[in-house]
Amino acid sequence: ERYFAVSAPLAGLRALVTSGPTHEPIDPVRYIANRSSGRQGHAIAAALARRGATTLLVSGPTAEPDPAGVEVRHIETAAEMWAACRAALPVDVAVCAAAVADWRPATAAGEKIKKAKGKAAPSIALAENPDILAGLSAAGNERPRLVIGFAAETENLVENATAKRRSKGCDWILANDVSPDTGTFGGSDNTVHLVSASGVEDWPRMSKQQVAEQLADRIAAELKRAS
Ligand code: CTP
Ligand code: CA
């Protein structure tokens with residue numbers, strides 16, 4: 001019994017994790033997406049499940065296998081991701097690691113858009129997608145006790161992440177530098193800074209796996225402290 005308590009600090013708790021990119025259809029064969037690999041989000045879901053949490057992973061299309069011990073809901077668009085997340089509430093902790101497309105084509109064409117001699121290139125009008133992290137943070141009496149997001153930035157990392165934490169209404173933001181020369185987007189390492197109400201903590205560069213383990217340990221400590 002003691003072994004169980006030590007090895008499964010999140011037993012009896014529910015976790016929700018978003019991961020991967022979203023695909024926003026232009027027409028039946030084309031979409032807007034981004035370079036997210038889903039590695040970080042999938043690793044976080046696996047780490048939470050290993051600590052005993054009942055874990056739901058809502059993921060866009062990725063090459064990552066479904067993590068062991070995790071229930072996975074595969075979605076394509078931001079609207080589908082938001083619907084799946086809302087349906088998963090209540091949960092104790094939510095981690096939004098997905099690279100949700102900020103915009104989608106305002107209307108997806110029903111048939112493949114054709115080119116023709118002399119026809120001008122089409123323009124794509126965009127509409128804003130639902131913000132899942134902000135939505136979960138404002139979920140009223142269904143708000144998870146701990147809501148965590150990422151801030152993908154290419155400049156003014158900590159300043160932007162601090163502002164993002166406030167504007168989203170979440171508890172923690174893991175700020176990561178996604179400038180192309182860091183290799184973060186799609187790569188296996190991550191350098192993050194944990195931004196909370198009590199300040200900024202710089203974590204050393206480590207694998208996304210190690211970021212997931214460290215974050216899961218912090219989540220377990222926080223939920224224990226708050227319960
Ligand atoms: N996020 C989300 N839903 C969206 C957009 C973002 O849940 N529609 C979440 C991401 O999963 C991440 C956090 O919000 O945890 C920040 O995402 P990011 O793209 O860095 O911030 P944005 O608010 O979209 O601002 P911008 O892209 O303009 O920097
Ligand atoms: Ca964004």
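Please refer to the structure placed before this passage.
We now turn to the structure provided with this report. (Residues numbered from 1 in each chain as written. Chains lettered and ligands numbered in written order. Predicted model: local features only at pLDDT ≥ 70, side-chain atom pairs only at ≥ 80, totals over all residues. Heavy atoms only, no water.)

### A few points about the site of ligand 1
Here comes step 1: For ligand 1, the set of nearby residues contains 14 residues, the closest of which are C96, A98, P130, K164 and K168.
Here comes step 2: Contacts to ligand 1 include P130, whose backbone N or O atom sits 2.8 Å from a nitrogen atom.
Here comes step 3: Contact between ligand 1 and L133: an oxygen atom at 2.8 Å from a main-chain N or O atom of the residue.
Here comes step 4: Sorting the residues of the shell around ligand 1 by element identifies α4 (132–137), β9 (146–153) and α5 (157–168) as the ones contributing at least two each. (Near = heavy atom within 4 Å. Polar contact = N/O pair within 3.5 Å; in protein donor to acceptor, adjacent residues only side chain to side chain. Helix = DSSP H or I, 4+ residues; strand = E, 2+ residues; numbered from the N terminus.)

### Focus on unusual backbone geometry
Here comes step 1: A cis amide bond links L89 to the next residue, P90, at an omega of 5 degrees.
Here comes step 2: Along the chain, the position of P90 falls in the loop between α3 (78–88) and β6 (93–96).
Here comes step 3: For N156, which is not glycine, the phi torsion reads 45 degrees and is therefore positive.
Here comes step 4: By relative accessible area, N156 is classed as partly exposed at 46%. (Buried < 20%, exposed > 50% of the residue type's maximum accessible area, 1.4 Å probe, protein only.)

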